[in-house]
Protein chains: 2
Amino acid sequence: MNPVIVLVRPQLGENIGKAARAMLNFGLTEMRLVTPRDGWPNPSAGPAASGADIVLEQAQVFASVAEAVGDCAQVYATTVRKRGVTKPVVTPEEAAREVRAAPGRSAILFGPERSGLATDDVALARKILTVPINPEFGSLNLAQAVILVAYEWSKGQGLASPPTTHLEPPAPQEELEGMMAQLEGMLADTGYYYPLDRVPTIRRTLRTLLTKPSWSSQEVRTVRGVLSALAGRKQHRS
Amino acid sequence: MNPVIVLVRPQLGENIGKAARAMLNFGLTEMRLVTPRDGWPNPSAGPAASGADIVLEQAQVFASVAEAVGDCAQVYATTVRKRGVTKPVVTPEEAAREVRAAPGRSAILFGPERSGLATDDVALARKILTVPINPEFGSLNLAQAVILVAYEWSKGQGLASPPTTHLEPPAPQEELEGMMAQLEGMLADTGYYYPLDRVPTIRRTLRTLLTKPSWSSQEVRTVRGVLSALAGRKQHRS
């Protein structure tokens, strides 16, 4: 079930909009806001959402974190490295896996831009979600943290499959042989195959080289066209 | 080996800075710029990098994509859904795995903000890297695309391990028994165990409930303190 993204005391409307955009990119639509600093709705949110208006329109506002996650069975608190935490810490990947497998709803808490979640907010969560980050430079903003979590979650969803590719199948072997024969015929005239006792080795090398790309029929035709052009003929024999 | 991040004809210095910040979060430091629109260095890049200055300082500028990836064995072109592509398409996850396994350097190309990579840029790449995205709302900006790729790459690196947690081990069973005995003693006075033939069932239910959290010794002591307080006693017997 899709997790709920809870922004706890967000400061700038612009960042709420960016978080909405980040969510919708990966199919998440349910945003909850806990006492946004500048009230709600916020006119700065819409432009920053770049078209993810549906997320903002459906966003619900709550007076406390506890109320915002009242219907959620699993609550994750997103934090950067925290010393002395006494809850399990999971990566976005692990959290996504758990959220997908969980029978009830899950909520993922994100803290205010500057300070992050307060200790009381974290206390309410069952687990801590931390993005593993460069220990010497950890500087994720709110929307970036949201997008990484949403991206991981989306991986298990149908929508997340890569686009279908229409790769041409490799050309049949006989077409490769025709191409090779053409090349070898051209090389025979050049002295390339000298000394003669090395011919088998040279041929094998060329063969390896030319079968490696898995060229399609069209590509083989193109190569042969190139060879023909090099040989000074307009048409090649097939 | 760390991949090289190549920004092809980036427009805004601010976005170059944001991309640098995204990279350094996940340990990537080598940025190459192909004919940035507003020249280089760009005064808008620094502030947007939020401290990732080292990436900007080391950034190299090239006159063409071909020159920028001249020393790279693997080149990936990052695009959104592309119709009719005739190259293999990989996800950030697959690309990251390949980059880590590749013997030579890898380069990942990102196109200009508005238009994305041109057909000629893509032609130069060995594979296409596409972030699987909501088919009804695909709106990733440059820095977001960079951060997702950098994040995936970092997963295989040592730095990406989640922070060590100092979870207290669950309390030994005898401490749980002591706690349970205390609770049962308190409940016995309340009529909670009525009717008497249901006592074993009720006890089992409580036991299940109280062993489930895997409380630590400290937590068990806290619970017992709570019980003691409820029972109106300052100290509990252990």
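My aim in this report is to walk through the structure given alongside it, one point at a time. (Residues numbered from 1 in each chain as written. Chains lettered and ligands numbered in written order. Predicted model: local features only at pLDDT ≥ 70, side-chain atom pairs only at ≥ 80, totals over all residues. Heavy atoms only, no water.)

**Some thoughts on the overall build of chain A**
Secondary structure assignment for chain A yields 10 helices and seven strands. Restricting the contact set of chain A to residue pairs at least 6 apart, pairs at least 24 apart contribute 82%. Only carbon and sulfur atoms are counted for the fraction: they give 53% of the accessible area of chain A, which is about 11,900 Å². (Helix = DSSP H or I, 4+ residues; strand = E, 2+ residues; numbered from the N terminus. Contact = heavy atoms within 4.5 Å. Areas by Shrake-Rupley, 256 points an atom, 1.4 Å probe, with all protein chains shown as cover.)

**So, the sheet that holds strand β5 (residues 89–90) of chain B**
Strand order in this open sheet of seven strands is β3-β2-β1-β6-β4-β7-β5 (chain B), and the pairing throughout is parallel. Each of the sheet's edge strands pairs with one partner strand only, and the pair in question is β3 (60–62) and β5 of chain B. (Pairing = 2+ DSSP bridges.)

**Regarding the nonpolar core**
Ranked by internal contacts, the top residues of the largest apolar core, which has 76 residues, are Leu7, Met31 and Phe110 of chain A together with Leu7, Met31 and Phe110 of chain B. Those residues in contact with Met31 of chain A that sit more than four places away from it in its chain are Ile5, Leu7, Ile16, Ala19, Ala20, Met23, Val55, Leu56, Gln58, Ala59 and Gln60 of chain A. (Core = buried A, V, L, I, M, F, W, Y, C linked by side-chain atoms within 4.5 Å. Buried < 20%, exposed > 50% of the residue type's maximum accessible area, 1.4 Å probe, protein only.)

**Some words on helix α5 (residues 92–101) of chain B**
Taken together, the buried positions of α5 of chain B are occupied by Pro92, Ala95, Ala96 and Val99 of chain B. Angular distribution of buried residues about the axis of α5 of chain B spans 100°; they occupy a single face of the element. Those residues of α5 of chain B hidden inside the fold are in contact with α7 (142–154) of chain A together with β4 (74–78), β5, β6 (106–110), β7 (127–129) and α7 (142–154) of chain B. (Arc of directions from axis to C-beta.)

**Notes on the pairing of β6 of chain B**
Residue and element names in this part refer to chain B. With five of five residues buried, β6 is to be regarded as a mostly interior element. Residues of β6 alternate between two faces, with Ser106, Ile108 and Phe110 on one and Ala107 and Leu109 on the opposite face, all of them buried. The sheet contact formed by strand β1 (residues 4–8) and β6 spans four bridges and is parallel. Looking at β6, one finds that Val4 is bridged to Ala107. Sheet topology places β4 next to β6; four bridges connect them, and they run parallel. Within the sheet, the bridge partner assigned to Tyr76 lies in β6 and is Ile108.

**Structural notes on the packing of aromatic side chains**
Residue and element names in this part refer to chain A. Taken as a whole, this structure holds three aromatic pairs over all chains when the rule is applied. Residues Phe26 and Tyr151 carry aromatic rings whose centres are separated by 5.6 Å and whose planes lie at 75° to one another, so their mutual orientation is edge-to-face. Taken together, the residues span a long stretch of sequence, with Phe26 in the loop between α1 (13–25) and β2 (31–34) and Tyr151 in helix α7 at a distance of 125 residues. Here Phe26 falls in the buried class, since its relative accessible area comes to 0%. (Phe/Tyr/Trp six-rings, centres within 6.5 Å; stacked < 30°, edge-to-face > 60°.)

**Describing the pattern of salt bridges**
Across all of its chains, the model carries 20 salt bridges over all chains by this definition. Here Arg9 of chain A ties to Asp121 of chain A by a salt bridge, and the two come within 2.8 Å at their closest N and O atoms. Separated by 112 residues along the polypeptide, Arg9 of chain A in the loop between β1 (4–8) and α1 and Asp121 of chain A in helix α6 (residues 119–124) bring together distant segments of the chain. Arg9 of chain A sits in the partly exposed class, given a relative accessible area of 30%. By relative accessible area, Asp121 of chain A is classed as buried at 7%. With a shortest N-O distance of 3.4 Å, Glu93 of chain B and Lys155 of chain A are connected by a salt bridge. On the criterion of chain membership, the pair formed by Glu93 of chain B in helix α5 and Lys155 of chain A in the loop between α7 and α8 (173–188) is interchain, its members lying in two chains. Relative accessible area serves as the criterion here: at 28%, Glu93 of chain B is assigned to the partly exposed category. Three or more residues are tied together by salt bridges with common partners; here these are Glu93, Glu152 and Lys155 of chain A together with Glu93, Glu152 and Lys155 of chain B. (Salt bridge = Lys/Arg side-chain N within 4 Å of Asp/Glu carboxyl O.)

**Some details on the side chain of Gln74 of chain A**
By the element assignment, Gln74 of chain A lies in strand β4 (residues 74–78). Residue Gln74 of chain A is classed as buried on the basis of its relative accessible area, which comes to 17%.

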